Amino acid sequence: MDILEEISKGVEAEKSRHIFNREENLFLIPDRPLAIRKALSLVQKGDLVILLGKGHENSIIYADHVMSFDEISEAEKALAEIGYNNN
């Protein structure tokens, strides 16, 4: 969460050009699978969701454990859950 808070400081600095309000349009979600689902739940026609930073990795390393994680598979699973059909 500390890393997300640091990143959000940059977003906060942009408030002069945009309006960012936590839990309205700025979400700090440390659980990556949940964050993917939140992003996809907000998508509207014409939107683009870009998942950055984990696509080339096969795990998430925490201070006390390592979690296997395949971002592509997770995104595909999340899309299927919301009814996206790639056909």
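Residues numbered from 1 in each chain as written. Predicted model: local features only at pLDDT ≥ 70, side-chain atom pairs only at ≥ 80, totals over all residues. Heavy atoms only, no water.

1. Thoughts on the overall build of the protein
Scanning the protein from N- to C-terminus turns up three helices and two strands. Helices (α) and strands (β) of the protein occur, in sequence order from the N terminus, as α-α-β-β-α. A buried classification covers 16% of the 87 residues belonging to the protein. Considering only contacts within the protein whose residues lie at least 6 apart along the sequence, 38% involve residues at least 24 apart. Accessible surface computed for the protein: about 7000 Å², of which carbon and sulfur atoms make up 55%. (Helix = DSSP H or I, 4+ residues; strand = E, 2+ residues; numbered from the N terminus. Buried < 20%, exposed > 50% of the residue type's maximum accessible area, 1.4 Å probe, protein only. Contact = heavy atoms within 4.5 Å. Areas by Shrake-Rupley, 256 points an atom, 1.4 Å probe, with all protein chains shown as cover.)

2. Re the side chain of Glu 71
In this structure, Glu 71 sits in helix α3 (residues 71-81). A polar contact is formed between the side chain of Glu 71 and the side chain of Arg 32, at a distance of 2.5 Å. Glu 71 has contacts with Arg 32, Ile 36, Leu 51, Leu 52, Lys 54 and Gly 55, leaving out every residue within four places of it along the chain. (Polar contact = N/O pair within 3.5 Å; in protein donor to acceptor, adjacent residues only side chain to side chain.)

3. Here we look at the pattern of salt bridges
On inspection of all chains with the given rule, the structure shows three salt bridges. Residues Glu 74 and Arg 37 are paired through a salt bridge, measuring 2.7 Å at the closest nitrogen-oxygen approach. Separated by 37 residues along the polypeptide, Glu 74 in helix α3 and Arg 37 in helix α2 (residues 32-41) bring together distant segments of the chain. Classification of Glu 74 by relative accessible area gives buried; the value is 14%. In this structure, a network of salt bridges that share partners links the residues Arg 37, Glu 74 and Glu 81. (Salt bridge = Lys/Arg side-chain N within 4 Å of Asp/Glu carboxyl O.)

4. Observations concerning a nonpolar patch on the surface
Taken together, the side chains of Val 43, Val 49 and Leu 51 make up a nonpolar region of the molecular surface, amounting to roughly 190 Å² of accessible area. Locating Val 43 in the fold gives a position in the loop between α2 and β1 (59-61). (Patch = residues over 30% accessible without salt bridge, like charges linked within 9 Å, V, L, I, M, F, W, Y side chains within 5 Å.)

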